[in-house]
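Structural characterization, general
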Amino acid sequence: MRRRKVSLKGNGFVVRSKTQSEIKEIQSRLLQATVAFVFEHSAYYREHLSAAGVHPSDITSVDDLCKIPCTSKDDFSNRTNDFLCAAPEDIVDITTTSGTSGAPVMIKLTAQDMARLAHNEALAFEQVGVSAQDTVALAVTLDRCFMAGMAYFQGLSRLGAAAIRVGSGSPAMLLKMVERAQATVMMTVPSFLKRITAYAQANGVDLHKNAVRKIICIGEPIRERDFSLNPLCARLAKDWNADLYSTYGSTEIEGSFCECERGCGGHVQPGHMLAEIITPQGDPVAPGEIGELCVTPFGIRAMPVLRYRTGDYTFMNTQPCACGRVTPRIGPILGRRDQMLKIKGTTIFPGVIHHLIQRDPAIQAYVLIVESDDPLSDKLTLLVDAGRTEAVERLRESIRSEIKVTPEIKMVSAREIQELQTAGDYRKRRMFIDKRQLQ
């Protein structure tokens, strides 16, 4: 039976029929409305903007965005309640941030915020070719106050696609449900997809025989800077005979950047947000230069933010995409500001080491642990489940040649790594454990 085709017109606007100048004009109006709204309803932004000498009447175009001071994660965490713009009776959902880089922050949503979130994700799924004819296995966290899992489910519902809320627990159950429901699309974290693949291969499951032909990946980068698949994901794409796509989101901005079928970066949904790449001082960088992703979402009613610094480093491509869209696209996430390491005078992001580990299929699981015994240099320890010492030596040499320093590498059991990855009140498995703040 063919399911009904659902129209995505409504919130936002159809960008394929708009020029860049038309999009700029619409976004300028949305920005004006957002600034006026937060100035009237948010205790934090009345103070924040007034202290900077900014009044809503000063913001007439997206060109005036630089007049607005940025909002940091610390601002949001320390004064969460002062961001609230909605009455208690208008709140319909309460979620939290993941807490991977600090204490989880509670975020409240109105019914309008929920509808906006669903529309954003429906547009994202549509970009990668998901339609009402698809059945999508959601192998992601769907409980524990996780906004993204809920957003994906509601986005699929709005699109008219069927969703299987299988979660991220058992590879065996996932594979069984994918087969029984004839899922055509799967959504998961690359490291979990690696576990599923290993389980299938160990148990004689032929992944080419299932119906999955698209896999949308969250939580971890899947591409190199040139947008080619990284070694792990290239291997997974071959194992599944499927196309892999990336989507990136942040709870605080209540939205995401998803690739289109061309796989050349996460498109900005211009009716939902405005994105910048900025320097540590908050100034914009040139297109293609690396900086911190900063986002101003439109249309949020409970807890809106302006120029929110995500802490994630990437770059932006402003050239029209081969898919026909003229919206800007963000590149792969290269690292987090709060995870930057200083080792013997060399500044690196953990993502470089993640990338090198992913090249070697012999390494099944790992954890990076950083400590700071010396104020001038961090200490990095890498725990791996490699099975053979040859893989450890191969990895040690690969890291030494790439970043000119060598962390301490220890071979431990898969159980030890799993216990470290899941210890504490975290929704996501941690591949990077930062103990510097505890010392």
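Our structure is the block above this text.
Since the model is a prediction, treat every value here as computed from it, not as a measurement.

Running from N to C, helix 9 (residues 350–358) and helix 10 (residues 389–403) cross one another at 140°; their axes reach a closest spacing of 10 Å. Comparing their axes, helix 10 and helix 9 come out oblique. You can see that helix 9 and helix 10 cross each other, and the crossing is right-handed. Taking contact as the criterion, the partners of Val352, Ile353, Leu356 and Ile357 in helix 9 are, on helix 10, Leu395, Ser398, Ile399, Glu402 and Ile403. Partitioned by chemical class, the residues of the contact of helix 9 with helix 10 number seven nonpolar, one polar and one charged.

Glancing now at the environment of Val326. Counting through the fold element by element, Val326 comes out in the loop between strand 13 (316–317) and strand 14 (329–330). Between the alpha carbons of Val326 and Val268 there is a distance of 9.8 Å; along the sequence they are 58 residues apart. Leaving out residues up to four positions away in the same chain, Val326 has contacts with Lys18, Thr19, Gln20, Ile23 and Pro320.

Further remarks concern the layout of surface pockets. Here the second largest pocket is characterised by a volume of approximately 700 Å³. Lining the second largest pocket are 26 residues, and of these Leu274, Ala275, Met316, Thr318 and Pro328 lie nearest its centre. Among the secondary structure elements, those contributing two or more residues to the lining of the second largest pocket are helix 1 (20–41) and strand 10 (273–278). Looking at which element gives the most residues to the lining of the second largest pocket, the answer is helix 1, with five residues. Classifying every residue of the lining of the second largest pocket by side-chain character gives 16 nonpolar, six polar and four charged.

Here is what the cut-offs are and how they apply
- Residues numbered from 1 in each chain as written.
- Predicted model: local features only at pLDDT ≥ 70, side-chain atom pairs only at ≥ 80, totals over all residues.
- Heavy atoms only, no water.
- Axes fitted to C-alpha atoms, helices over the stretch in contact; angles between N-to-C directions.
- Helix = DSSP H or I, 4+ residues; strand = E, 2+ residues; numbered from the N terminus.
- Parallel < 35°, antiparallel > 145°, perpendicular 65-115°, else oblique.
- Left-handed = near helix turned anticlockwise from the far one by under 90°.
- Contact = heavy atoms within 4.5 Å.
- Nonpolar A, V, L, I, M, F, W, Y, C, P; charged D, E, K, R; others polar.
- 1 Å grid on protein atoms, 1.4 Å probe; cavity = no way out; pocket = protein on both sides within 12 Å on 5 of 7 lines; lining within 4 Å.
- Points joined across faces, edges and corners; volume = space filled by probe spheres on them.

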